[in-house]
Amino acid sequence: MTEWDTTVDFVIVGSGGGGMVAALAANAAGASALVLEKQERVGGSTAMSGGVVWVPDNPVMRADGVPDSYDDAMAHFEAVVGDVGPASSFERRHAFLTAGPEMVSFLQDLGVGFVHCLGYSDYYSNATGGVDEGRAIEPVPWDGRVLGAWLEKLQPGLAQSLGLAVMTNEARSLSHYNRSIGAFAVSARVAIRTFAARARRQALLTNGASLIGQMLALALARGIPVWTEAPLEDLIVENGRVVGVRAVRDGAPVLIRARRGVLLAAGGFAHNTEMRGEYGGDQPNRAKWSIANAGDTGEALQTAMRLGAQTALMDEAWWLPAPRTGKFGQSTLDQARQRPRTIYVDAAGHRFVNESNSYMEVGKAMYARDQTSRAVPCWLIFDDRYRKRYAHLRSSPGRFPRKLLESGRLKQAWTLDDLARMCGIDGAGLVETVERFNVNAVQGIDPDYGRGDSAYNRALGDPNHKVHPCLGPIDEPPYYAVEVVPGDIGTCGGLVTDEHARVLDQRDEPIGGLYATGNNTATVMGRHYLGPGASIANTMVFGYLAALHATGPEGTEIESQHEPG
Ligand SMILES: Cc1cc2nc3c(=O)[nH]c(=O)nc-3n(C[C@H](O)[C@H](O)[C@H](O)COP(=O)(O)OP(=O)(O)OC[C@H]3O[C@@H](n4cnc5c(N)ncnc54)[C@H](O)[C@@H]3O)c2cc1C
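Predicted, not measured: the structure shown is a model, and the values here were computed from it.

**What to know about the overall build of the protein chain**
Point 1. Across its full length, the protein chain carries 18 helices and 20 strands.
Point 2. Against the 2.2 N^0.38 benchmark of 24 Å for 565 residues, the protein chain shows a C-alpha radius of gyration of 24 Å, consistent with a compact globule.
Point 3. With the C-alpha coordinates of the protein chain rotated into their principal frame, the extents come out at 80 × 55 × 45 Å.
Point 4. For the protein chain, with 565 residues in total, the buried portion stands at 61%.
Point 5. Accessible area of the protein chain: about 21,200 Å², with a carbon and sulfur share of 50%.
Point 6. In the protein chain, which carries 53 positive and 64 negative side-chain charges, the distance between the mean positions of the two groups comes to 9 Å.

**Things to note about the packing of aromatic side chains**
Point 1. In the structure shown here, the tally under the stated rule is 18 aromatic pairs.
Point 2. When the ring of Trp 54 is compared with that of Phe 77, the centres are 6.3 Å apart and the planes differ by 65°; the resulting orientation is edge-to-face. Of this pair, Trp 54 sits in strand 3 (residues 53-54) while Phe 77 sits in helix 4 (residues 70-81), and the two are 23 residues apart along the sequence. Taken as a pair, Trp 54 and Phe 77 share a single burial class, namely buried.
Point 3. Ring plane angle 65° and centroid distance 5.3 Å describe the contact between Tyr 359 and Tyr 529, whose orientation is recorded as edge-to-face. On the criterion of sequence distance, the pair formed by Tyr 359 in helix 12 (residues 359-370) and Tyr 529 in the loop between strand 20 (510-516) and helix 18 (534-551) is long-range, its members being 170 residues apart.
Point 4. The exposure class assigned to Tyr 359 is buried, which follows from its relative accessible area of 15%.
Point 5. Feature note: the residues Tyr 123, Trp 318, Tyr 359, Tyr 456 and Tyr 529 constitute an aromatic cluster, connected by ring pairs.
Point 6. The aromatic ring of Phe 542 is capped on one face by Arg 92, whose charged end is 4.1 Å from the ring centroid.

**What about the environment of Gly 144?**
Point 1. Note on placement: Gly 144 falls in the loop between strand 6 (142-143) and helix 6 (158-162).
Point 2. C-alpha separation for the pair Gly 144 and Pro 532, spaced 388 residues apart in sequence, amounts to 24 Å.
Point 3. In contact with Gly 144, other than residues within four places in its own chain, are Leu 151, Ala 203 and Leu 205.

**Focus: the packing of helix 15 (residues 416-423) against helix 16 (residues 427-441)**
Point 1. The interhelical angle for the contact between helix 15 and helix 16, taken along N-to-C directions, is 130°, at an axis separation of 8 Å. Looking at the two axes, helix 15 sits oblique to helix 16. Crossing geometry of helix 15 relative to helix 16 is assigned as right-handed. Residue-level inspection shows Leu 416, Asp 417 and Ala 420 of helix 15 in contact with helix 16, the latter providing Gly 427, Ala 428, Leu 430, Val 431 and Val 434.

**Details of the site of the ligand**
Point 1. Taken together, 40 residues lie around the ligand, and Glu 37, Gln 39, Thr 46, Ser 535 and Ile 536 are the ones closest in.
Point 2. Take Val 52: an N or O atom from its main chain is 3.1 Å from a nitrogen atom of the ligand.
Point 3. Within the backbone of Leu 232, a nitrogen or oxygen atom sits 2.9 Å from a nitrogen atom of the ligand.
Point 4. About the coverage of the ligand: the protein hides 95% of its 1,000 Å² of free accessible area.

**Structural notes on the pattern of salt bridges**
Point 1. Enumeration according to the criterion identifies 32 salt bridges in this entry.
Point 2. Here Asp 384 makes a salt bridge to Arg 387, at a shortest N to O gap of 2.7 Å. With Asp 384 and Arg 387 both in helix 13 (residues 384-389) and 3 residues apart, the pair spans about one turn of that helix.
Point 3. Overall, the relative accessible area of 6% leaves Asp 384 in the buried class.
Point 4. For Asp 505, the salt bridge identified is with Arg 507, shortest N-O distance 2.8 Å.
Point 5. Looking at Asp 505, the relative accessible area reads 11%, which means it is buried.
Point 6. When its relative accessible area of 63% is taken as the criterion, Arg 507 is described as exposed.
Point 7. A single salt-bridge network, built from bridges that share partners, covers Asp 384, Arg 385, Arg 387, Lys 388 and Glu 476.

**Notes on helix 4**
Point 1. For helix 4, built from 12 residues, the straight-helix expectation of 16 Å at 1.5 Å per residue is met to within 8% by its first-to-last C-alpha distance of 16 Å.
Point 2. Taken together, the buried positions of helix 4 are Ala 73, Met 74, His 76, Phe 77, Val 80 and Val 81. Buried residues of helix 4 fall within an arc of 155° about the axis and therefore sit on the same side.
Point 3. At its buried positions, helix 4 is contacted by strand 3 and helix 5 (90-110).
Point 4. Backbone geometry just after helix 4 places Gly 82 at a positive phi near 65°.

**Considerations on the sheet that holds strand 3**
What links the strands of a sheet is backbone hydrogen bonding, and the strands pair in either a parallel or an antiparallel sense.
Point 1. Spatially, 3 strands are ordered 3-5-4 in an open sheet, and the strand pairing comes out antiparallel. Edge positions in the sheet fall to strand 3 and strand 4 (114-116), since each of these pairs with one other strand and no more.
Point 2. Here strand 4 pairs with strand 5 (residues 136-139) via 3 bridges, running antiparallel. Paired with His 116 across the strands is Ile 137, a residue of strand 5.

**So, the environment of Ala 221**
Point 1. Here Ala 221 shows up in helix 9 (residues 207-221).
Point 2. On the basis of relative accessibility, which here comes to 65%, the residue Ala 221 falls in the exposed class.
Point 3. Once the C-alpha coordinates of Ala 221 and Leu 147 are considered, the two residues, 74 residues apart in sequence, prove to be 9.7 Å apart.

**With respect to the side chain of Arg 260**
Point 1. Among the structural elements, Arg 260 can be located in strand 11 (residues 252-264).
Point 2. Once you skip the residues sitting within four places of it in the chain, Arg 260 turns out to touch Asp 9, Arg 241, Tyr 515, Ala 550, Thr 551, Gly 552, Gly 555, Thr 556 and Glu 557.

**Let's talk about helix 9**
The α-helix winds at 3.6 residues per turn, so residues separated by three or four positions along the chain end up facing the same way.
Point 1. Compared with the 21 Å implied by 1.5 Å per residue over 15 residues, the 22 Å span of helix 9 between its first and last C-alpha is a close match.
Point 2. Judged by how many residues are buried, helix 9 sits mostly within the fold: 13 of 15 residues are covered.
Point 3. Backbone geometry just after helix 9 places Gly 223 at a positive phi near 75°.

**Remarks on the nonpolar core**
Point 1. Counting 105 residues, the largest nonpolar core has Phe 10, Phe 96, Leu 107 and Met 215 as the members making the most contacts within it.
Point 2. Take this core: its biggest share by element is 11 residues, from helix 18.
Point 3. If sequence neighbours within four positions are ignored, Phe 10 has contacts with Ala 22, Ala 26, Ser 32, Ala 33, Leu 34, Gly 261, Val 262, Leu 263, Tyr 515, Ala 546, Ala 547 and Ala 550.
Point 4. Ala 258, Ala 300, Leu 301 and Leu 514 belong to the second-largest nonpolar core, a separate cluster that totals 29 residues.

Here is what the cut-offs are and how they apply
Residues numbered from 1 in each chain as written. Predicted model: local features only at pLDDT ≥ 70, side-chain atom pairs only at ≥ 80, totals over all residues. Heavy atoms only, no water. Helix = DSSP H or I, 4+ residues; strand = E, 2+ residues; numbered from the N terminus. Rg over C-alpha atoms; globule rule 2.2 N^0.38 Å. Buried < 20%, exposed > 50% of the residue type's maximum accessible area, 1.4 Å probe, protein only. Areas by Shrake-Rupley, 256 points an atom, 1.4 Å probe, with all protein chains shown as cover. Lys, Arg positive; Asp, Glu negative; His and termini not counted. Charge placed at Lys NZ, Arg CZ, Asp CG, Glu CD. Phe/Tyr/Trp six-rings, centres within 6.5 Å; stacked < 30°, edge-to-face > 60°. Lys NZ or Arg CZ within 6 Å of the ring centre and 35° of its normal. Contact = heavy atoms within 4.5 Å. Axes fitted to C-alpha atoms, helices over the stretch in contact; angles between N-to-C directions. Parallel < 35°, antiparallel > 145°, perpendicular 65-115°, else oblique. Left-handed = near helix turned anticlockwise from the far one by under 90°. Near = heavy atom within 4 Å. Polar contact = N/O pair within 3.5 Å; in protein donor to acceptor, adjacent residues only side chain to side chain. Salt bridge = Lys/Arg side-chain N within 4 Å of Asp/Glu carboxyl O. Expected span 1.5 Å × (residues − 1). Arc of directions from axis to C-beta. Pairing = 2+ DSSP bridges. Core = buried A, V, L, I, M, F, W, Y, C linked by side-chain atoms within 4.5 Å.

This is the structure we're talking about:
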C-alpha cells in the first residue's frame, strides 16, 4: 500500500489560468484542492499574457449591450474550425459554449473584475457567426499589493516590460498614439493611470498578471495551498485509476493522494526541442522561437502519454510571426504586417497570405507556403513612409534603434532590387509583387488575399490612414526588410479530453481520475484561433469543467484508506 504524505480531494498541476480557476471551483464545491507549480513563480504563460479571454455570449459583453448567442457561436465554430476530430467534437464545443459564460459569472461573483474588449474583433469576424465588436474580455487593472509577499512570486506580466499599466485592448492604440485623436486619448489615459498608480505607490497589475493575481489572492484567502518549486514527477495509478501524484517539495519527494482526481493544467511543450522535433510534422519548429513561459517543457503531458492517453494536434501551436530584431530593441515591427505600406514575401519575392489576419493564420500560412517556396523565414518589406509614420520604440515616430540597422537585422536599400539581393530573395519577383500590390493598395483593395476585408483586419490597422487602414503603397525609398520566423506563444496539441475534461485512452475511454486542460490538451479551437483570448478561454473553461466534474456527483471518489496523521 502507498504511504501517502498528504491527501486532498483534487490535485492540480500548474498554476496558469486553467489551474487557478479549477482550484477556486473545487474549493467552492466544498472540496480540498492543492496547486503544484514547478517554477518559483505562479501563473505560467497565463500571467505573462494579455490576459484576454474569448468567451462567446459572456455576461460582460452582454452588460455592454453587445448581442451574441450560443447558436451564433456554434455556427462560428462549424464555419471556421470545421471537423478536426475529437478535440473539437460537438460535445466539447457545447461544453465550452455553455460553461464559458457560467465560468465568467462564477469568477465575477467571487470578485474578479473584467471589462469587455470592445472593438477587439473576432479573428474571423466576417465568417458565419463572427462578432465585429468582439467576444473577448480582460481583467481590470488591479492593485497587486493585496498579495503581500506573494506579489514577488507572481510571474511578471506583459505590461511590466513596458512600464505601463496598460490593458491589452488599449495597447493597440499606444503604438498609434500619433495617428488619431482617439488613439491619443487612450494613450493619455494609460499614462495618467500609470503615473497615478506610482504616486499612490500601487502595484497596479493589468493583463494576465491581473488575471492570475486576482485568482491567486482569492485562492490564498480561502486557504487553498499553492506550492511553488513543486514539480509533478509522475502519476500514481492503482487498479487502472489515477489516485495521486509523485511530486517534489522543498527538494524532497512527496506522495500526494488525490481522492477525487488529478488535473493536468501544466501547459504545453513549446520549449521541448525533442518533442517539437518528433511531433512537428509539416510545421517543424525550433523551440527557441517560442515566447511561452519557461515551464512549457511537456513532462506532465508525457506522464499521461505513458499511461496510454490519446493525443491529437501535436504539430499545432499558437503561432506568432516574429520579426527577427533580436536584442536591438523591442520595436513594434511585429505589428507592421497589419498596417499600410507593408507586405510579407517568400524567397521568390511573392506574397502568400493576408498579412492582416491573425498571428496563428499567418504562421500557418508561412509553413504551408514553405512546402513550395521558402517562407520559413519570410520577409517583412516596407517603405520609408512607413518608417516615418509609426512609433517603433516607446515613442519617437520614425526612429529605429541605430544598432538595428548596423547589426544588419534591418536591411535598407534604395531600390527593391538591391533590397532583394541583400535578403537573398528574387529581385524580379519582389518588384513585380510590389507593383501589383501598389496598384490595388491605392484603391484600398487587395484582390489577391482580401487584406483589410474583415473588421478584425481593420481593428489593428492605422485608424487614420486613407483610403484604407490596412493598405497603402510601398513606394517611398529607401525600402526596408526584416526576416520573420514563425514563433509561438505555446503549443496547442496534446491530450484528447472529453466534454468533462477527462483524459481519454486509445479506446476513447476516460482514464479514471485523470483530467487535463489548456495547452496540455488538444484544444477545442482545433487549428484556428477564433478571437483574442481563445487560448486562455480554452484552459479556463475546461479547468472549471474538470473541477465541477471531479468534485460533483458524476465524479468518483477513491475508497478511504489509512493515512498518516
Ligand atoms: C506574451 C504572451 C501573451 C499572450 N496573450 C494571450 C492572451 O491575451 N489571450 C490568450 O488567450 N492567450 C494568450 N497567450 C497564450 C496563453 O497565455 C497560453 O496559451 C495559456 O495561458 C496557457 O494556459 P495553460 O493553463 O495551459 O498553461 P500556463 O498558463 O502556461 O500554466 C502552466 C503552468 O504549469 C507549470 N508546470 C509545467 N510543468 C509542470 C510540472 N511538471 N509540475 C508542476 N507545474 C508544472 C508551468 O510552470 C506553468 O506555470 C499569450 C502568451 C504569451 C507568452
